[in-house]
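Each chain is listed here by its residues.
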Amino acid sequence: PHFPFPTPEQRTSHTPHSTPAKARGRFGRKPPSERFDSMLATCLEWEETLGCAPTMTECDLEERAAFEDQEGRLVKVLRGSFEGARCPPVAEALRVCYMEYSPLRLGGDIIFKLLGKVVDGQVKRLDS
């Protein structure tokens, strides 16, 4: 029989991603495990970019963002993300939450996007 919509195989067979079609999630996105791994790696990269890695000099993100309440609060979340990313039990607990609970996964995706904007703002301040 002819279906008016493409089958799942047809939808994913020609999408340009590095992940094989069968391993991708809905809408051609990477599966949650890959997205979480990518976010974790990006968080550690941000930490180094901003000079906040444990091997670097003292990080003063709060001082730089203290005059902006909203960003100051998000900077605290960012600093907590740096700490959590370096703590294997915390990272694993976050992975389980991200993988098992789609509302938390959506929330994590939104927070990660917001933190990316905060990092961009902090990098611009560092460069100026």
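Values in this document were obtained by computation on a predicted structure and should not be read as measured data.

### So, the nonpolar core
Moving on, step 1. Core analysis: the biggest nonpolar cluster contains twelve residues, these being Cys43, Trp46, Leu50, Cys52, Leu74, Val75, Leu78, Phe82, Ala85, Leu115, Val118 and Val119.
Moving on, step 2. Elements that contribute at least two residues to this core include exactly α2 (32-49), α4 (69-85) and α6 (102-127).
Moving on, step 3. Here the element with the most residues in this core is α4; it accounts for five residues.
Moving on, step 4. Once residues lying within four places of it in the same chain are set aside, the contact partners of Leu74 are Leu115 and Val118.

### Looking at the confidence of the model for the chain
Moving on, step 1. When pLDDT is averaged across the chain, the result is 77; 66% of the residues are at 70 or more.
Moving on, step 2. Within the chain, the lowest mean pLDDT, 49, falls on helix α1 (residues 8-12), and the highest, 94, falls on helix α5 (residues 88-100).
Moving on, step 3. Segment residues 1-8: pLDDT under 50, and one contact once partners within four positions in sequence are set aside and those in other chains are kept.
Moving on, step 4. Every residue in residues 10-17 scores below 50 in pLDDT, and together they form six contacts with partners more than four places removed in sequence or on other chains.

### Details of α2
Moving on, step 1. Under the 1.5 Å per step criterion, the end-to-end length of α2 is 25 Å for 18 residues, consistent within 8% with the ideal 26 Å.
Moving on, step 2. All of the buried residues in α2 are Arg35, Phe36, Met39, Thr42, Cys43, Trp46 and Glu47. With its buried residues spanning 145° around the axis, α2 presents them on a single face. Exposed residues lying more than 90 degrees from the buried face of α2 are Glu45 and Glu48.
Moving on, step 3. Trailing α2 by a residue or two, Gly51 shows a phi angle of about 75°, which is positive.

### Description of a nonpolar patch on the surface
Moving on, step 1. On the surface, a nonpolar cluster with roughly 270 Å² of combined accessible area is contributed by Leu106, Ile110 and Leu114.
Moving on, step 2. The residue Ile110 is located in helix α6 in this model.
Moving on, step 3. The exposure class assigned to Ile110 is partly exposed, which follows from its relative accessible area of 46%.

### What about the packing of aromatic side chains?
Moving on, step 1. Following the criterion strictly, the structure yields two aromatic pairs and no others.
Moving on, step 2. An angle of 45° between the planes, with centres 5.7 Å apart, marks the rings of Phe36 and Tyr98 as tilted. Remark: Tyr98 occurs in helix α5 and Phe36 occurs in helix α2; sequence separation between them is 62 residues. For the pair formed by Phe36 and Tyr98, the shared burial category is buried.
Moving on, step 3. Taking 5.0 Å as the distance between ring centres and 20° as the angle between the ring planes, the aromatic pair formed by Trp46 and Phe112 counts as stacked. With a gap of 66 residues between them, Trp46 in helix α2 and Phe112 in helix α6 connect regions that are remote in the sequence.
Moving on, step 4. Taking the relative accessible area as the measure of exposure, Trp46 reaches 13% and is therefore buried.

Calculation notes
Residues numbered from 1 in each chain as written. Predicted model: local features only at pLDDT ≥ 70, side-chain atom pairs only at ≥ 80, totals over all residues. Heavy atoms only, no water. Core = buried A, V, L, I, M, F, W, Y, C linked by side-chain atoms within 4.5 Å. Buried < 20%, exposed > 50% of the residue type's maximum accessible area, 1.4 Å probe, protein only. Helix = DSSP H or I, 4+ residues; strand = E, 2+ residues; numbered from the N terminus. Contact = heavy atoms within 4.5 Å. pLDDT = per-residue confidence, 0-100. Expected span 1.5 Å × (residues − 1). Arc of directions from axis to C-beta. Patch = residues over 30% accessible without salt bridge, like charges linked within 9 Å, V, L, I, M, F, W, Y side chains within 5 Å. Areas by Shrake-Rupley, 256 points an atom, 1.4 Å probe, with all protein chains shown as cover. Salt bridge = Lys/Arg side-chain N within 4 Å of Asp/Glu carboxyl O. Phe/Tyr/Trp six-rings, centres within 6.5 Å; stacked < 30°, edge-to-face > 60°.

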